[in-house]
Every structure is written in C-alpha cells, then in structure tokens.
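One-letter residues, chain by chain:
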Amino acid sequence: MKKHKLAERVGQIAPFQVMAILARAKELASQGEDVIHLEIGEPDFVAVEGVADAGVLAIQQGKTGYTSATGLPELKCAISDYYRTRYQVEVSPERIIVTPGASGALLLMASLMVNPAEDVLMPDPCYPCNRHFLIQAGAKAKLVETDACNGFEMDLGALADNWSDSTAGLWLASPSNPTGAVLSKAYISEAWEKVRELGGHLLVDEIYQGLVYEGEDYSALSIDDDIFVINSFSKYFAMTGWRLGWLVVPEWAIEGATKLAQNLYISAPSVSQHAAVRAFSPDVLAECEVRRQTMNARRLILLEGLQEIGLPVVAPAHGAFYVYVDVSGVTQDAMAWCLALLEKEKVALTPGADFGIKDAHKYVRFAYTCDGPRLQEALARITRFMVS
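Residues numbered from 1 in each chain as written. Predicted model: local features only at pLDDT ≥ 70, side-chain atom pairs only at ≥ 80, totals over all residues. Heavy atoms only, no water.

Quick word on helix α5 (residues 101–113)
The condition is simple: A helix here means a DSSP run of H or I that spans at least four residues, while a strand means a run of E at least two residues long, and both kinds are numbered starting from the N terminus. Expected helix span is given by 1.5 Å per residue-to-residue step, counting one fewer step than there are residues. Burial classification: accessible surface area is computed with a 1.4 Å probe over protein chains only, and a residue below 20% of its type maximum counts as buried, one above 50% as exposed, and the rest as partly exposed.
The end-to-end C-alpha distance of α5, which contains 13 residues, comes to 19 Å, matching closely the 18 Å that a straight helix rising 1.5 Å per residue would cover. All of the buried residues in α5 are Gly101, Ala102, Gly104, Ala105, Leu106, Leu108, Met109, Ala110, Leu112 and Met113.

Some details on the pattern of salt bridges
In plain terms, the rule: For salt bridges, the criterion is a side-chain nitrogen of Lys or Arg within 4 Å of an Asp or Glu carboxyl oxygen.
Under the criterion given, the structure shown has 16 salt bridges. Two residues, Glu289 and Arg292, come together in a salt bridge whose shortest N-O distance is 2.8 Å. One end of the pair is Glu289 and the other is Arg292, both in helix α11 (residues 282–308) and 3 residues apart, which spans about a single turn. Taking the relative accessible area as the measure of exposure, Arg292 reaches 15% and is therefore buried. Members of the salt-bridge network, linked through shared partners, are Asp34, Arg374, Glu377 and Arg381.

Describing the environment of Ala367
Filter applied, for reference: Working rule for contacts: check all heavy atoms of both residues, and any pair within 4.5 Å makes them a contact.
When you line up the elements, Ala367 lands in strand β12 (residues 363–367). Sequence-wise, Ala367 and Gly138 are 229 residues apart; in three dimensions their C-alpha atoms are separated by 32 Å. Excluding anything up to four places from it in sequence, Ala367 contacts Leu38, Ile40, Phe321 and Tyr322.

Section: the packing of aromatic side chains
Keep this limit in mind: Side-chain rings of Phe, Tyr and Trp (the six-membered ring for Trp) are treated as a pair once their centres are within 6.5 Å; stacked means planes under 30 degrees apart, edge-to-face means over 60, and tilted covers the remaining angles.
Tallying each qualifying case throughout the model produces 19 aromatic pairs. Taking the centre distance of 5.0 Å and the plane angle of 55° together, the rings of Tyr82 and Phe280 count as tilted. Here Tyr82 is found in helix α4 (residues 73–87), whereas its partner Phe280 is found in the loop between α10 (270–278) and α11, with 198 residues between them in sequence. Residues Phe152 and Tyr324 carry aromatic rings whose centres are separated by 5.7 Å and whose planes lie at 75° to one another, so their mutual orientation is edge-to-face.

Notes on the pairing of strand β7 (residues 228–232)
Looking down a regular strand, the side chains alternate between one sheet face and the other. Our working rule: Note on pairing: DSSP must find at least two bridges between two strands before they are called paired.
Of all the 5 residues making up β7, 5 are buried; the element is thus mostly covered by neighbouring parts of the structure. Burial along β7 is two-sided: Phe228, Ile230 and Ser232 facing one way and Val229 and Asn231 facing the other are all buried. With 3 bridges connecting them, strand β6 (residues 201–205) and β7 associate as parallel partners. Bridging from a neighbouring strand, Leu203 pairs with Phe228 of β7. Sheet topology note: the β7/strand β8 (residues 245–248) ladder contains 4 bridges and is antiparallel. The partner of Ile230 across the bridge, within β8, is Leu247.

So, to be careful, I would describe these as geometric facts and stop short of saying anything about function.
Structure follows, in structure tokens:
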C-alpha cells in the first residue's frame with residue numbers, strides 16, 4: 001500500500017509558537033482561571049453597529065451571491081474616495097482588488113509577482129504569514145537582519161548587498177507587527193527608489209493603517225502608483241471575522257490580478273462587502289477615531305508600566321497595537337518564560353520566535369487589546385511573577 005505523504009511545502013511552514021500559548025490559555029480559562037489575553041492581535045472591539053446593521057440588511061435583502069472577482073463596485077469606489085479624502089491620494093477603483101481578508105491579498109500578491117525559486121526580502125522580525133504565502137508560490141522569504149537600536153528598520157544602504165539575481169522584490173510593513181514601529185514616508189521613498197533601481201517590486205503592508213499615534217499617518221500610494229499596497233478591514237475597522245481586505249495594484253497589473261482572483265477565490269464574502277461600504281460613513285469613521293484614541297491610552301499605560309518594572313520596549317511603538325519587549329534581563333528563553341508566566345500568573349504573551357530568527361529568544365510581543373484596568377492587572381501579575 002502506498003504511503004501517503006503531505007506536500008513538501010507543509011514541512012517548510014513553521015507552526016506558531018503562540019498557538020501553544022493560546023491553547024493552554026483556553027484550557028486554563030475553561031477551568032475557571034482568569035486569563036488575561038495579550039497574545040493575539042485582535043482588539044476587544046467588534047464592528048461598529050452601523051456596519052453590523054448593514055451586514056444584516058444585506059442578508060435580509062438576499063445580497064448573498066457572488067460579486068465581481070475584484071469586488072463590489074460601490075465598495076471599490078468607497079475605498080477610492082477614502083484614499084482621496086483622508087490621504088489626498090488618487091487611486092482609481094479599477095486598481096483596487098477586494099480580497100477575502102488581507103491573507104487573500106497576500107496570497108494574490110505572491111502569486112502575481114513572485115516566480116518559483118525566487119525570493120523576497122523582508123526585515124527580521126516580521127509577520128510570519130507573509131513568508132509562508134511565498135512558500136505557496138514555490139518561492140521563499142529572505143530575512144534581512146535588523147537591530148533594536150534602530151527600531152528594527154532594514155538598512156537600506158545595504159539593500160543591494162542582500163539583493164541577488166533571484167530576488168523579486170522587497171516587502172515592508174508600516175505600522176509593523178510585531179514591533180508597532182511606523183516607517184517614515186522618507187524611508188519608504190528611499191526604499192522604492194533603491195528597489196526600482198534593482199529591478200524589483202515593492203509591497204507595503206498597511207493593514208494597521210489608521211492606527212498611528214505618533215508620526216505621519218500616510219499611504220505609500222502617495223509616493224508612486226507602481227508601489228503595491230495591502231490593507232484590511234480587520235484592524236482599524238475591527239472587522240476581523242468578516243474576512244475582508246484589499247490589494248492596490250498598478251494599472252499594468254490589473255488584468256493579471258483579476259485573472260488570479262477569479263481562480264483563487266472567485267470573490268470576497270458578499271455580505272461583508274455590503275457591510276464594509278457603510279464603514280466609510282462619517283459616523284462610523286468618527287467611532288473608529290474614538291477607538292484609536294482608546295488604543296493610544298492603552299499604549300501609554302503599557303509603555304509606562306513596562307518601564308516601571310524594568311522590561312525595556314525595544315522599538316518605537318508608534319502604531320498598530322503592539323509593543324516589542326526585551327526580556328533578556330530576566331530570561332534567555334522567551335518561550336519558556338511566556339509559558340511559566342501563563343501557568344503561574346495567567347497572563348498570555350507571544351514569544352519573539354514567531355516573528356524572526358535573530359535574537360528571537362530575547363523578545364516578547366505584548367498586544368494591548370484589552371482595556372486599561374486589565375492591562376494594569378497584567379502588569380501587576382508580571383511584576384509579581386518577576387519578583388518570585
């Protein structure tokens with residue numbers, strides 16, 4: 001009898017270490033323990049009521065069939081208007097490809113722009129799924145080492161040294177997961193200039209766009225129309241389970257992206273798309289801004305609290321809802337430390353090994369996705385754990 005084997009690509013994808021943390025946290029919670037979840041990148045907000053109501057109305061009106069593969073026309077127009085009014089950037093609706101979550105956009109991007117056996121440069125640390133989508137395309141990520149001393153920004157002066165004949169492009173993220181750092185417009189402009197000279201493409205992951213607390217909230221699309229940009233309704237609009245994102249492509253890539261979208265996923269969820277049109281209404285955007293201010297208040301609580309207990313934040317956490325913390329002063333094994341903290345004090349965090357290779361054992365990501373009193377309680381528990 002023939003022995004069944006999984007495809008080789010499965011073995012190339014590392015499991016999330018945080019999943020072991022999450023599984024144990026859920027087990028403890030089921031036993032009645034009070035677990036504070038700072039490990040998963042999902043805020044304690046849900047979609048604004050007006051958006052949810054629009055989704056319900058779409059179901060009631062039977063708007064549940066397939067849409068165009070590239071998205072509902074009125075949603076594409078709403079996104080285009082949003083870029084113009086908020087970021088003063090003209091993006092034609094035809095360039096916007098609506099996808100099943102930002103994950104769908106990443107899969108589409110990998111399939112669109114990267115050939116088998118090619119590689120894409122990414123900073124170490126970065127969001128791991130970005131690397132894994134390349135594996136699905138028969139390609140790979142080439143992680144470029146960065147340092148905490150410069151906020152984990154890739155050294156653009158050494159970009160050409162890391163580039164090879166097999167390199168297809170550079171993928172960046174701003175604001176960043178896991179560090180919360182925001183790349184300046186000047187940095188993105190320089191990156192694009194160098195990538196263009198090297199003959200590659202540039203993708204900027206803007207999934208956390210809008211959640212910027214210090215520095216400029218802008219889009220890389222304001223720099224050049226040939227830059228690719230990914231975005232999502234999951235973070236700023238708190239629509240995680242609605243599974244809706246988008247990819248902005250240059251005009252020359254519209255036909256190819258459309259063909260791939262038709263074959264990869266047919267269309268993004270129709271109910272989610274109808275609901276998302278409502279997300280750009282003034283009242284919904286006003287509520288999203290109130291939530292951004294709430295997230296900033298939580299950020300400041302965490303930054304101040306971590307400083308007080310001697311856990312240094314190693315990147316300027318100016319956006320998203322993460323801080324990246326150096327725990328090497330208390331442990332040389334971040335994963336073991338996170339597991340012990342969970343068992344003893346019921347606080348769940350994400351170890352740095354999920355995001356990169358270099359010095360990953362030194363770092364832990366905190367997600368400030370619960371309210372201020374819970375963050376204060378988490379800090380008190382961590383302090384007690386460190387003292388004991």
